[in-house]
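# Remarks on the overall topology
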Amino acid sequence: AADLAHAAARAAVDRLAPPAPVRLGDVVPAPERVEPDPAADFTLPADAAVRVSPDPAARDVAEQLAALLRPATGYPLPVTDATPPAEGLTLQLSGTPGPVAAGAGPGPVAALGAEGYRLDVTPDAVRITAATPAGLLHGVQTLRQLLPPAIESPTPVAARWAVPGGVIVDRPRFAYRGAMLDVARHFFGVADVLRVIDHLARYKLNHLHLHLTDDQGWRIAVDGWPRLAAVGGATQVGGGPGGAYTRADYRRIVSYAARRHVTVVPEIDLPGHTNAALTAYPQLAPDGIAPPPYTGTEVGFSYLDPGDERTYAFVADVLGEVAALTPGPWLHIGGDEAFKVPADAYARFVARTQGIVAATGKTVVGWHQIAPAGHADGRVLQWWGTGGDDPVTAEAVRRGARVILSPGNRAYLDMKYAPDTPIGHDWAGLIDVERAYDWDPGTHLGGVPAEAVLGVEAPLWTESVTSLAEIEFMLLPRLPALAELGWSPRRTHDWASFRRRLAGHGPRWRTAGITFHPAPEIPWP
Ligand code: TNX
């Protein structure tokens, strides 16, 4: 009887007209290896199940796959750990996420590393194999892009759910691939942040950096210093009500991200960009006087007193609480634009703060201005320059620092696309999609070899960004460009190929109700 039901379900699908076909290589970011087999196309039957290895985290990825496919297909797609016969969709954990030798070709599953996956599409089955649940989820995102764009529909669509046949073997070039959301200049609630996490996961980005504090607002509750959120959080650029995450809010963000194998990197910007903290606790200000709340967009005027011990008690309390709430390994201490702190006092402040971070068990990240401070184990500099080589950053790299590349004139999502872009800045120039795409993180900075590059990150500063739709407008379609630079092997880098593949995402975003900038250089269908 099961066979009969299966045959009937197949027949029903076969009567539908085929949609414009997606090709196996039509994936962003471009996979490492693609071997199409046009004779092996698969069509998802209405009675398909999602089979998965008996591992809770793998099962959770299977549940996410089913949840992605159910709305548009209307199929039940039960998730089961029943073993073969493996028809339909299978997610299989196998091998170990051992180290991937540099330059090694994709071999057995063990060589897929911590995030790689293999996708096999045959007429009877789609199988994703990986050594880790993160790898399985990346495979799921690839499978999602190989289905027709209507798969993004929130309501059932009658379609033939075809997947092009063949094999993809894929793994990332860089370990760190991220985006930053500035929730300080304008506050964004939990739901908006979760939606941004979905966009990251879609393009295999694995870090969300939250810029939690700045002159205009303090956005995370700290038990030991309750006025930070209550007073420091109560405004934003333009004078709106602002807001702050409770500990429960932050935990929700972190756990939603973790399910999608995205690591949250919290930033407490120190010692500058601290006006909001000083409105709440004026004893930390150099003159001990509470400044007025700041709702403008200038930078570089505020700072914690680096010569007062109370500053370090504050820093230790705040970083300790944030570290305790954060499962990921990173703690970002900002460090940018502390223009009013003399260089020697600044370097001492950073060195001491790096020690405080180490004591929490986390690894320190800071904007590249922290480079002159002494080395700390594992420390990471986030480079946001716009020029060429940077000898101070290169010297820190020689002492052991690693670098996240966020060049202001390539990766900054708050730069306008074109002179007529209604929001955004242009101090680092205009960044259209080609400019966002056409650079190489492995060779961008002299004295920073590819081995010292932890990865890439696209920051979105929000002085001029006030809503989720505006966030999406600035992210899309540039975020996928950055994602491809972080994930894909350099030999796949090709603007003509990228713009053609990216074009196919317009209909997907439209179907999903996601706002994007219809950049004129992309041949949207
Ligand atoms: C510079 S980039 C800043 C931010 C601003 C941004 C605007 C960096 C580390 N600091 O405070 O929001 O420019 O583009």
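Residues numbered from 1 in each chain as written. Predicted model: local features only at pLDDT ≥ 70, side-chain atom pairs only at ≥ 80, totals over all residues.

### As for the sheet that holds strand E4 (residues 79-80)
- Taken together, seven strands build an open sheet; the order of strands is E1-E9-E6-E7-E5-E3-E4 and the sheet is mixed. Each having just a single partner strand, strand E1 (33-36) and E4 make up the two edges of the open sheet.
- As judged from the six bridges shared by strand E5 (residues 88-93) and strand E7 (residues 125-130), these two strands associate in the parallel manner. What sits directly across from Leu-93, in E7, is Ala-130.
- Contacting strand E3 (50-52), E4 and E5, helix H2 (residues 56-73) crosses the sheet at an angle of about 170° to E3. (Pairing = 2+ DSSP bridges. Helix = DSSP H or I, 4+ residues; strand = E, 2+ residues; numbered from the N terminus. Contact = placed C-beta atoms within 7 Å. Axes fitted to C-alpha atoms, helices over the stretch in contact; angles between N-to-C directions.)

### Notes on the site of the ligand
- Around the ligand lies a shell formed by Val-299, Asp-336, Glu-337, Trp-367, Trp-384, Asp-414, His-425, Trp-461 and Glu-463.
- For the shell around the ligand, the residue count by class is four nonpolar, one polar and four charged. (Near = placed C-beta within 6 Å. Nonpolar A, V, L, I, M, F, W, Y, C, P; charged D, E, K, R; others polar.)

### Topic: the UniProt feature "active site" (unreviewed entry) in the protein
- Annotation from UniProt places "active site" (unreviewed entry) at Glu-337.
- Secondary-structure assignment places Glu-337 in the loop between strand E15 (330-334) and helix H9 (343-359).
- With residues up to four places along the chain from it excluded, the contact list for Glu-337 reads Gly-272, His-273, Val-299 and Gly-300. (UniProt positions renumbered as here; feature names shortened; annotations may be inferred.)

### Some words on the UniProt feature "domain: Glycoside hydrolase family 20 catalytic" (unreviewed entry) in the protein
- As annotated by UniProt and renumbered to match this structure, "domain: Glycoside hydrolase family 20 catalytic" (unreviewed entry) occupies residues 174-340 and 344-489.
- Taken end to end, residues 344-489 comprises 32% helix and 14% strand; its first and last C-alpha atoms sit 41 Å apart.

### A look at the nonpolar core
- Counting residues in each nonpolar core, the largest one holds 112 residues, and the members touching the most others are Leu-181, Leu-208, Val-403 and Leu-460.
- Broken down by element, the residue count for this core peaks at six residues, all from helix H13 (residues 478-487).
- Here this core spans two domains, since at least three of its residues come from each of domain 1 (2-170) and domain 2 (176-495).
- Once residues within four sequence positions are removed from consideration, Leu-460 is found in contact with Ala-179, Met-180, Leu-181, Asp-182, Leu-413, Asp-414, Val-465, Ile-471, Met-474 and Leu-475. (Core = buried A, V, L, I, M, F, W, Y, C linked by C-beta atoms within 7 Å. Buried ≥ 20, exposed ≤ 12 C-beta atoms within 10 Å, placed from the backbone. Domains from an automatic or database assignment.)

### Structural notes on unusual backbone geometry
- In this structure, the amide linkage connecting Val-28 to the following residue, Pro-29, adopts the cis form with an omega of -5°.
- With respect to the helices, strands and loops of the structure, Pro-29 is situated in the loop between helix H1 (2-14) and E1.
- Leu-270 connects to Pro-271 through a cis peptide bond whose omega is -10°.
- With respect to the element layout, Pro-271 can be found in the loop between strand E14 (263-270) and helix H7 (275-280).
- The phi dihedral of Leu-77 falls on the positive side, at around 45°, and the residue is not glycine.

### Thoughts on the environment of Leu-325
- Inspection of the secondary structure assignment puts Leu-325 in helix H8 (residues 309-325).
- The spacing of Leu-325 and Pro-266 is 59 residues in sequence and 9.9 Å in space, taken between C-alpha atoms.
- Apart from the residues within four sequence positions on either side, Leu-325 is in contact with Arg-247, Tyr-250 and Arg-251.

### Notes on the domain arrangement of the protein
- Structurally, the protein comprises domain 1 (2-170) and domain 2 (176-495).
- Relative to domain 2, the C-alpha centre of domain 1 lies at a distance of 35 Å.
- When residues of the side of domain 1 that touches domain 2 are assigned to their parent elements, the largest contribution, five residues, is made by helix H3 (residues 133-146).
- Looking at side-chain class alone, the side of domain 1 that touches domain 2 contains six nonpolar, two polar and two charged residues.

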